[in-house]
Amino acid sequence: MIKSFFKTGWRSIRRNKMYSFINVFGLAVGITSCILIGLYITDELSYDKFNINSSRLLRVVHQTSHEGEIENGAVTGTKAGPQLKRTFSFIEDYARLINSSRIVKYKDRQFTEKRVLYADAPFFKMFSFNLIEGNPATVLNSPNQVVLTQTMATKYFGDENPVGKTLNFGSRGDYIVTGVCKDAPGNSQIRFDFVASFTSLPVSKTEEWWTQNYITYTLLNKETNIASAQKQIDSYMRTSISAELKMTGGDYLTYVLEPLLSVHLHSANGGLEPNGNINYVYIMFAIGLLILIIACINYTNLATAQSATRLGEIGMRKVMGARRGQLFLQFVGESGLITFIALVLALVASTSLLPIFNNITGKALTTSVLFAPLPILAMLLLSVLVSFIACAYPAFILSGMGLSKILKTGFSFSKSGNGLRKTLIVAQFVISVFLIIATIVVQRQLHFMQNKDLGYDKEHLLVLPLDNSSLNNYEGYKAGLKLVPGVQSVTSAYETPTYIGWGDMIKKTSESTDKGISVNALPVDMDFVNTLKIPIVAGSNFTRADLALLDTSNGGKNYRYPFIINESLCKQLGYSPEEAINKTIYKNNPGIIKAVVKDFHFTSLHETIKPLALFLNNEMLYSTFIRIGSPDVTATVDKIGAYWKQRVPSRPFEYHFLDEDYNKLYIAEQKTASIFSLFAAIALILACLGLFGLAAFTTLQRTKEIGVRKVLGASISNIVNLLCREFLQLVIIAFVIATPIAWITSNKWLQDFAYRISIGWVIFAAAGIAVLLITLLTVGYHAIKAALSNPVKSLRTE
């Protein structure tokens, strides 16, 4: 019997090639989308679960309150971890982390490494980064020790055993290799190529609350309740420590414990790697489900429409004694055959498209994941479910028809049957219109972010690393760069202005009762404001004379900071820009406000502009910014490279442009835009493909009617209007339903951005017109073909 079902199903596929192609193609695309999206979601949800202690590992996030304004950040000072361990018995250990870029050299091999992680000694005991060589308890317990990943060990030492050998870290000196570990998994939000001992850094010798540049993780005891631990830490910080820091009037510094497994998808605070977003996981799941629904709707509609052509077959089977259950199973079997073919094609397509999908999503998913037992079982269950859902309605209707009705009156759909078919068409286009509108909103927001005036000019700014060899003779190095033809100006700073992470405290007075203002701060040289073209609201730029204020003699007792502050900090200090000039403020040492600059964006547009202090410092400079004034950028870069090789022969010429750093802030949004564009196109193609097949069948069924109308004088436009009107009405209904849903959803997504577009009527109009035109073209092809046919021929054959 089963063999008969599949034989009949195969004959049906061969007999109705166009409809079978639409069904198989649609289901294959739907299942392919589900497979790829399923792999993406599984990877996102698996982040950091490889850690044995994952349930006990928590990130320490600072939270400050100043005059009622609460601010959170993933970084802490060097004191947070040690002090919390000393104070609370439920904290078993801690590790402070900071990522750095270093020049690493071994014999004749030298590279710039951007993922050198400094970590406290317990790092490899807390996290499950498996050591191949070395003891987790001792590999980082002394200064100038380093652990390499397998990839780096091969890169520098080949087949040699690297343990015990020495790597040179440029200005940081020589480091002894104490261990080799496996490469960090792709689903870890802590990734590295080297792990060096935190005690190698000068900052490890002091403990500070406010110089917040370090990611701190704690390991709790097994029996510790996180909520109880949080309550104790909060009470301690808001009372004892806030009093120690002279914070009054509701101001406080405290720490919030974030579970490691929540960091990647649920945290609003950035970290060592860009965070994901649980909302994007939900969006991806919804997109996969919606596309599969569209494919199932196509099958249901076309199977229902084709039912009239199978009346003879159904009647004959009933005459031969076929029961309703047997007929139902026959249609389910045919659907299963089509779905199985679609599943095989989907597996082939998923394997082929995985590299492209990885490129879009930034993942490193492999095909081996697809053929594990659990995914195979999931795909088989999915295909069975799809088979049943897609064919359930037509199978139920056809198998339940009475023999007498078939033989006497033939088959016709009830009003409810036609209503269901129309409802399914509307549902398809609701999904398609929703995805189109969402895609337009995401693309427009991305365009807005990429083109927004940031308050400085990020174009044609080349960024170079600055090491100690250049810093020791910084003025000569800088003067040489200025002489390169095509170079307009040169400056340097501690970090790039696209994301200023340095946290600090500015006080208006030197009094211990002064609560201070939490700010971002950036050490810069005197040409920073001019080179980045940041508008000055009041005051004047740094000058060479200001360098005399940086007096380090007598233990720095006479050291004075020259400051340039932004409008936000000026406002919090209680001054107008003009009043702020020459006022004294304090960052440990006193300093003079030289100028107030217009607020500019130094984090992503997700965040509002916060108080910022630029202070003159020629020692803490790690990045050089070169503004290229020549239209021939390539030639100028080549000349800068030639100067670099002459001036810094020990370091490779590795550069990038500042706008690249800015674009990296919106990797998640770029991925979202690409994903929406891709799947919105797929949804629309599938919906139109189903509509194309349905329109073809409807036109075929109405061949006699069209012939009669033409004989009675109907024009081509009358016929086209007759055939297109019903479909266009359904699409308009879908547009009306989808519009408010898309508006609400898009507005909710935009709330994550402090600076965002407004959703105007143009977006909806563009989506509506596009869908109507595509529908008209899809249905119009068959309508025009029918309208141009010879009525005599159609009436004779009918």
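Note: the structure precedes this text.
A quick note: this is a predicted structure, and the numbers were derived from the prediction, not measured.

How each quantity is defined
Note that residues are indexed from 1 along each chain, following the sequence as it is written. Side-chain atom pairs in this predicted model are given and counted only at pLDDT of 80 or more, local residue features only at pLDDT of at least 70, and totals for whole chains, interfaces and linings cover all residues. Computation of side-chain values covers all heavy atoms of the structure but excludes hydrogens and water. Working definition: a ring pair exists when centres of Phe, Tyr or Trp rings (six-membered ring for Trp) sit within 6.5 Å. Plane angles under 30 degrees give stacked, over 60 give edge-to-face, the rest tilted. The criterion is that NZ of a Lys, or CZ of an Arg, lies within 6 Å of the ring centre and within 35 degrees of the ring normal, and then a charge sits over that ring. Residues enter patches when they are more than 30% accessible in relative terms and free of salt bridges; like-charged ones are connected within 9 Å and nonpolar ones (Val, Leu, Ile, Met, Phe, Trp, Tyr) within 5 Å. Shrake-Rupley sampling with a 1.4 Å probe provides the accessible areas, and residues are treated as covered by the protein chains on show and by no other component. One speaks of a salt bridge when a side-chain nitrogen belonging to Lys or Arg is within 4 Å of a carboxyl oxygen belonging to Asp or Glu. Counting from the N terminus, the helices are DSSP H or I runs at least four residues long and the strands are E runs at least two residues long. To estimate the expected span of a helix, count its residues, drop one, and scale the result by 1.5 Å. Here the bend at a residue means the angle between the axes of two seven-residue stretches, the one that ends at it and the one that starts at it. For every residue, the accessible area (1.4 Å probe, protein chains only) is compared with the maximum for its type, and the residue is labelled buried under 20%, exposed over 50%, or partly exposed between those bounds. A strand pair is defined by DSSP finding two or more bridges across the two strands. We place a 1 Å grid over just the protein atoms. Points where a 1.4 Å probe fits but has no way out form a cavity, open points with protein on both sides within 12 Å along at least 5 of 7 lines form a pocket, and any residue with an atom within 4 Å of a point lines it. Grid points are joined across faces, edges and corners, and a volume is the space filled by probe spheres set on the points. The nonpolar core is taken to be a set of buried Ala, Val, Leu, Ile, Met, Phe, Trp, Tyr and Cys residues, with the residues joined through side-chain atoms within 4.5 Å. Here, residues are in contact when the closest pair of their heavy atoms is within 4.5 Å. Under this grouping Gly is polar, as are all residues other than the nonpolar Ala, Val, Leu, Ile, Met, Phe, Trp, Tyr, Cys and Pro and the charged Asp, Glu, Lys and Arg.

Novice: Could you clarify how one ought to interpret the packing of aromatic side chains in this entry?
Specialist: Two aromatic rings are characterised by how far apart their centres lie and by the angle between their planes. What the rule picks out here adds up to 33 aromatic pairs. Within the aromatic cluster, the residues linked to one another by ring pairs are F50, F123, F124, F127, F129, F192 and Y217. Positioned above the aromatic ring of Y755 is the side chain of K452, whose terminal nitrogen or guanidinium carbon lies 5.3 Å from the ring centre. The ring of Y575 has K583 lying over it, and the distance from NZ or CZ to the ring centre is 5.3 Å.

Novice: Whenever I open this one, a nonpolar patch on the surface confuses me. Can you help?
Specialist: A grouping of F21, F25 and I685 is seen on the molecular surface, where their side chains present a nonpolar patch of about 300 Å² in accessible area. Within the fold, I685 resides in helix α21 (residues 667–701).

Novice: Please explain helix α23 (residues 716–750) as it appears in this structure.
Specialist: For an α-helix, the turn length of 3.6 residues means that residues three or four places apart are oriented alike. If you check α23, its first and last C-alpha atoms are 47 Å apart, about what 35 residues at 1.5 Å a residue would give, namely 51 Å. At C724, α23 is bent by approximately 40°, the largest bend along its length.

Novice: What exactly am I supposed to notice about unusual backbone geometry here?
Specialist: Note: most peptide bonds trans; most residues except glycine with negative phi. If you check the backbone angles, D48 has positive phi at about 70° while not being a glycine. Structurally, the position occupied by D48 is in the loop between α2 (17–45) and β1 (57–66). Look at H460: it is not a glycine, yet its phi comes out positive at around 55°. Relative to the helices and strands, H460 is located in the loop between α13 (415–451) and β13 (461–465). Look at H460 and you get partly exposed, because its relative accessible area is 43%.

Novice: When you look at the pairing of strand β5 (residues 109–119) in this model, what are you seeing that I'm missing?
Specialist: Working note: regular strand, side chains alternate between the two faces of the sheet. Pairing of strand β4 (residues 91–106) with β5, which is carried by 9 bridges, proceeds in the antiparallel orientation. By the bridge assignment, K105 is partnered in β5 with Q110. As judged from the 4 bridges shared by β5 and strand β10 (residues 194–197), these two strands associate in the parallel manner. Note that in β10 the partner of Y118 across the bridge is A196.

Novice: Quick question: what am I supposed to make of empty space enclosed by the protein here?
Specialist: One simple way to see leftover space: roll a probe sized like a water molecule over the atoms. A complete count under the given rule lists 3 cavities of 30 Å³ or more for this structure. What lines the largest cavity is T64, H66, E69, E71, I517, S518, Q572, K610 and P611. Counting only elements with at least two residues in the lining of the largest cavity, the list comes to β1, β2 (69–73) and β16 (517–524).

Novice: Please explain the environment of F169 as it appears in this structure.
Specialist: Mapped onto the elements of the fold, F169 is located in the loop between β8 (166–168) and β9 (174–181). Taking the C-alpha atoms as reference points, F169 and N144, separated by 25 residues in sequence, lie 9.5 Å from one another.

Novice: Help me understand the pattern of salt bridges, please; the structure alone is not making it clear to me.
Specialist: Two side chains carrying opposite charge are able to pair once their charged atoms lie near each other. A full pass over the atoms with the stated rule returns 21 salt bridges. One salt bridge connects D527 with K478, and the closest N-O pair in it is separated by 2.5 Å. Linking D527 in the loop between β16 and α16 (528–532) with K478 in helix α15 (residues 474–482), this pair joins segments that are 49 residues apart in sequence. The class of K478 is buried, set by a relative accessible area of 4%. Several salt bridges share partner residues, and in doing so they unite K478, K482, D525 and D527 into one network.

Novice: Quick question: what am I supposed to make of the nonpolar core here?
Specialist: Across soluble globular proteins, you tend to see nonpolar side chains buried next to one another. Ranked by internal contacts, the top residues of the largest apolar core, which has 137 residues, are F429, F528 and I565. Contacts of F429, omitting those with residues within four sequence positions, involve L684, A687, L691, V731, A734, V771 and T775. F124, C181, I190 and Y217 belong to the second largest nonpolar core, which has 24 residues in total.

Novice: Quick question: what am I supposed to make of the layout of surface pockets here?
Specialist: Approximately 670 Å³ is the volume attributed to the second largest pocket. C34, I35, G38, A378 and L382 are, among the 26 residues lining the second largest pocket, the residues nearest its centre. Of all the secondary structure elements, the ones that give two or more residues to the lining of the second largest pocket are α2, α8 (278–306) and α11 (373–399). Class assignment for the residues of the lining of the second largest pocket results in 22 nonpolar, 4 polar and no charged.

Novice: Can you walk me through the pairing of strand β18 (residues 561–566) in this structure?
Specialist: In terms of burial, β18 is a largely internal element, 6 of the 6 residues being buried. In β18, alternate side chains face the same way, and those of Y561, F563 and I565 on one face and P562, I564 and N566 on the other are all buried. Two strands pair when backbone bridges link them, and β18 and strand β20 (residues 589–597) are joined in this way by 6 bridges, in the parallel orientation. In the strand pairing of β20, Y561 is matched with G591. Note: β18 against strand β21 (residues 612–616), 3 bridges, orientation antiparallel. Note on β21: the bridge partner recorded for I565 is A613.

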